[in-house]
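A look at the structure
The residues making up each chain are set out below.
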Amino acid sequence: MTDLVLRAECERCAGLCCVAPAFAKSSDFAIDKPAGRACPNLRDDFRCGIHDRLPAKGFPGCVVFDCFGAGQQVTQVTFGGRDWRSTPGIAGQMFAVLPVMRQIHELLWYVTEALNLPAARRLHPRLLAARDETVALTTGTPDELLALDLDAYRRKVNPLLQKASELARAGVAQRRADHRGANLIGRRMRGANLRGASLRGALLIGADLRDTDLRAADFTGADLRGADLRGADLSGALFLTESQVRAAVTDDTTRLCAENAA
């Protein structure tokens, strides 16, 4: 489709995720950091000085963050390879654009995933149009990106993604559990049959999902931090991101899609 890469290429980014957002001292971050201030672990070459030991140093929140390639897009395309250190005057706008671009790239990732679903083939013309329109948004100027009404745009695209999910899950189970937006924090669901379930936006923090059948379940926006997926079968899971898998507890008995297992 384009040369866009929908995964982080940190070597092509100016360390934006280490500067733009605020951190609150918690189980996810070892320190408080205001927005726009560089994390003390950020090196002069824009790489993390503790990348190989982030959880041990108290930064598991960094491990599960995924910019979907927005960081390098903002650095290399939106700002033409400039960075906030060598050109301080662009810093504020650069940091403000990052979360906008991240949401665009995330939505583009979902649309691309939907296009890979054979059961949603009849939606492909509309999904292709949505993909092309979303790609075009990524090339906007900083002012154009900051002026976008992302909520309105998401409301335009989300019905397509939901329909693609419904078509993909329609033939996998007679009764598909609907846990959209459900609060399932700490819920004991070991061994449950959640094949083809909708878990869109569900809070599954710390949930016990060991040995659970999650084949073809829809994980769009689900919070899987600390969820125990040991022995669970997520074969063919829909819209499951790498960051969601990293946030959960898995082992070699967890069955994942090939792209998530890589």
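Located above this text is the structure these notes cover.
Computed from a prediction, not measured in an experiment: that's the story for all the values here. (Residues numbered from 1 in each chain as written. Predicted model: local features only at pLDDT ≥ 70, side-chain atom pairs only at ≥ 80, totals over all residues. Heavy atoms only, no water.)

This next bit is on the side chain of Lys33. Looking at the element boundaries, Lys33 is found in the segment before helix H1 (60–63). Buried charge without a salt bridge: Lys33, with Asp32 as the nearest opposite-charge side chain at an N-O distance of 11 Å. Side-chain polar atoms of Lys33 contact the backbone oxygen of Pro21, separated by 2.6 Å. (Helix = DSSP H or I, 4+ residues; strand = E, 2+ residues; numbered from the N terminus. Buried < 20%, exposed > 50% of the residue type's maximum accessible area, 1.4 Å probe, protein only. Lys, Arg positive; Asp, Glu negative; His and termini not counted. Salt bridge = Lys/Arg side-chain N within 4 Å of Asp/Glu carboxyl O. Polar contact = N/O pair within 3.5 Å; in protein donor to acceptor, adjacent residues only side chain to side chain.)

Let us now look at the environment of Gln103. Assignment of secondary structure puts Gln103 in helix H3 (residues 91–115). Overall, the relative accessible area of 29% leaves Gln103 in the partly exposed class. Sequence-wise, Gln103 and Leu150 are 47 residues apart; in three dimensions their C-alpha atoms are separated by 7.9 Å. Leave out the neighbours within four places in its chain, and Gln103 touches Leu150 and Arg154. Side-chain polar atoms of Gln103 contact the side chain of Arg154, separated by 2.4 Å. (Contact = heavy atoms within 4.5 Å.)

Remark: helix H2 (residues 70–78) packs on H3, axes separated minimally by 8 Å, with the N-to-C direction vectors making an angle of 125°. Looking at the two axes, H2 sits oblique to H3. In the crossing of H2 with H3, the sense of the turn from one axis to the other is right-handed. Contact with H2, carried on its side by Ala70, Gly71, Gln73, Val74, Thr75 and Thr78, involves Met94, Val97, Leu98, Met101, Arg102 and His105 of H3 and no other residues of that element. Counted by class, the contact of H2 with H3 contains six nonpolar, five polar and one charged residues. (Axes fitted to C-alpha atoms, helices over the stretch in contact; angles between N-to-C directions. Parallel < 35°, antiparallel > 145°, perpendicular 65-115°, else oblique. Left-handed = near helix turned anticlockwise from the far one by under 90°. Nonpolar A, V, L, I, M, F, W, Y, C, P; charged D, E, K, R; others polar.)

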